Amino acid sequence: PGVPCPGVPVSLSGPGATPVSPQESPEERPQFPGASAAFAERLEFIQPNVLAGIPVYRVMDRQGQVLRPSEDPQLPKEQVLKLYKTMTLLNTMDRILYESQRQGRISFYMTNYGEEGTHVGSAAALEASDLVFGQYREAGVLLYRGYPLELFMAQCYGNASDPGKGRQMPVHYGCRQRHFVTISSPLATQIPQAVGAAYAIKRADASRAVVCYFGEGAASEGDAHAGFNFAATLECPIVFFCRNNGYAISTPTSEQYRGDGIAARGPGYGLLSIRVDGNDVFAVYNATREARRRAVAENQPFLIEAMTYRWGSPKTPVPFRVLQDSPKIPEKNPFSYWVLQDSLQKSHFPIGIGHHSTSDDSSAYRSVDEVNYWDKQDHPISRLRLYLGRRGWWDEQQEQAWRKSSRKMVLEAFEQAEREPKPPPHLLFSDVYLEMPPRLQRQREELQRHLETYGEHYPLQHFQK
């Protein structure tokens, strides 16, 4: 409905528009090359609210009940359990690293609380060879693809095991083997870059897709406009995935835009668009899978807007007994022991309001009532947990065992990262040029002489030689 067909006159979408008569000759119709439209004999501006809001596609209700059997992706038990375990493992890792930053062990961190469903639901729908451009809150995509906990920790600590050699601030992950392009801090720069990669894939006829993640705040950047327009005009196999969690750091959507979210912008650029419930992992999966399939088959760009909320601990779907038999943590690392005991005693899920990052205090711009309202609504982990329970695929005993083992895995990776030294200082100058130019060689030698003379003023014992 509302899509014009060749040779069939249609009216403008708005009150008062005068339809074109079917008997009107082709010569009387608009011939302007810039748009496909009919004439109207009445002066009227199109109102921005002339259409109802784009609906939010979902598969499950908040109690984990599939609403329409035909929309159930019918994923096997093993895959649904992988979705759930990835989401909860990410949640546990967030808790440990968030507290690590608060204790001064790492400089910065960004949690993924509340957005886990957007990560794993979309990641599960992709092929392993599809190229991913993230913004900075997509760790679950990389975790679903098998990125080790040890490397997540190494990157956040910037130690010698960090593939980025300690040069990036925390949460700026990347992995060539898993086709995940390294995160960069400037907002939205990944969008036109992703379109360029998709165009290259199209020219190579590689039968792959590019998926580009961003938040609704990044969609206000000029790079988003350029990327959307290039993708449409060049007909690139790309899926734009927008996580709309209601806030661009501290700026609410009511102050970001006046239109109907991000999905409403898609048709104006020529993008096939859909809005989904980002807390419904199956809705995210279905939308991403179909968008990915058609993007590759038809060389078309797609836009998915996943509606969610950036919050902290969800309500537990069923009551759980606090674990008493927590694993033994070495005495030399009392912080690890405290984190584990604290998380076990306070809640089944991690505690937190869902700040934008550790540099943010969201209580300055979000009321307690608002956060409590969302905390009492559905959470992607809770919803999937209820689905698993309905299918008889997961019970309390399995939950307790998994929570215990997943915490143990995260804490072991955490302790290993703390023990690792920092990369050697001379790596500051490598990996920029294939052959190091003379000016960089001189700078490296100057740094070496400086450290030999004044080394006692630097914590060189924490760096590799």
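It should be emphasised that the depicted structure is a prediction, and the values quoted were computed from it without experimental measurement.

> Before we move on, could you go through the overall build of the chain and cite the residues and values that matter?
Helix and strand counts for the chain come out as 14 helices and 8 strands. For the chain, buried positions account for 47% of its 465 residues. Here the contacts in the chain between residues at least 6 apart in sequence split such that 75% fall between residues at least 24 apart. By element, 53% of the accessible surface of the chain is carried by carbon and sulfur atoms, the whole surface being about 23,200 Å².

> Before we move on, could you go through the confidence of the model for the chain and cite the residues and values that matter?
One rule of thumb: low pLDDT means the predicted coordinates there are not for detailed reading. For the chain, the mean per-residue pLDDT works out to 84, and 80% of the residues sit at or above 70. Taken together, the stretch residues 1-21 has pLDDT below 50 and engages in 23 contacts with residues farther than four places along the chain or on a different chain. Note that pLDDT drops below 50 for residues 313-353; the model gives that stretch 92 contacts with residues more than four away or on any other chain.

> Give a detailed account of the environment of His172, specifying residues and quantitative values.
As for its placement among the helices and strands, His172 is situated in the loop between helix H4 (149-157) and strand E2 (180-181). A residue is classified by how much of its surface remains accessible, and His172, at 5% relative accessible area, is buried. On a C-alpha basis, the gap between His172 and Gln135 in space is 8.9 Å, while along the polypeptide they are 37 residues apart. Apart from residues lying up to four places away in sequence, His172 is in contact with Gln155, Thr182, Ile183, Ser184 and Ser185. A polar side-chain atom of His172 sits 3.3 Å from the main-chain carbonyl oxygen of Met169.

> Could you give me a rundown of the sheet that holds E2, with the residues and numbers involved?
Sheet architecture is open: 6 strands sit in the order E2-E1-E3-E4-E8-E7, paired in parallel fashion. The open sheet terminates on both sides in strands that have one partner only, identified here as E2 and strand E7 (272-277). Direction of pairing for strand E1 (residues 131-133) relative to strand E3 (residues 210-215): parallel, over a ladder of 3 bridges. Across the sheet, residue Leu131 finds its bridge partner in E3, namely Val210. Lying on the sheet, helix H9 (residues 281-298) is in contact with strand E4 (238-244), E7 and strand E8 (302-307); it crosses E7 at an angle near 165°.

> Give me the lowdown on the pairing of E7, citing residues and values where you can.
Examined bridge by bridge, E7 and E8 share 6 bridges and lie parallel to one another. Looking at E8, one finds that Leu272 is bridged to Phe302. The parallel pair E7 and E8, bridged by H9, forms a crossover whose chirality is right-handed.

> Which residues make up H9, and what are the values?
In this model, H9 (18 residues) spans 25 Å end to end at C-alpha, consistent with the 26 Å of a helix rising 1.5 Å per residue. Every buried residue belonging to H9 is among Val281, Phe282, Ala283, Val284, Tyr285, Asn286, Ala287, Thr288, Ala291, Arg292 and Ala295, and all of these are buried. Close packing links the buried residues of H9 with helix H1 (77-102), helix H2 (116-125), E4, E7, E8 and helix H12 (380-391). Capping the start of H9 is the job of one residue whose side-chain oxygen sits 3.1 Å from the backbone nitrogen of Phe282: Asp280. Immediately downstream of H9, the backbone of Asn299 shows phi near 50°, a positive value.

> With reference to specific residues and values, describe the side chain of Gln101.
Along the polypeptide, Gln101 turns up in helix H1. Since its relative accessible area comes to 13%, Gln101 is described here as buried. A polar contact is formed between the side chain of Gln101 and the side chain of Arg102, at a distance of 3.2 Å.

So, how was this worked out
Residues numbered from 1 in each chain as written. Predicted model: local features only at pLDDT ≥ 70, side-chain atom pairs only at ≥ 80, totals over all residues. Heavy atoms only, no water. Helix = DSSP H or I, 4+ residues; strand = E, 2+ residues; numbered from the N terminus. Buried < 20%, exposed > 50% of the residue type's maximum accessible area, 1.4 Å probe, protein only. Contact = heavy atoms within 4.5 Å. Areas by Shrake-Rupley, 256 points an atom, 1.4 Å probe, with all protein chains shown as cover. pLDDT = per-residue confidence, 0-100. Polar contact = N/O pair within 3.5 Å; in protein donor to acceptor, adjacent residues only side chain to side chain. Pairing = 2+ DSSP bridges. Axes fitted to C-alpha atoms, helices over the stretch in contact; angles between N-to-C directions. Right-handed = clockwise from strand over helix to strand, strands pointing away. Expected span 1.5 Å × (residues − 1).

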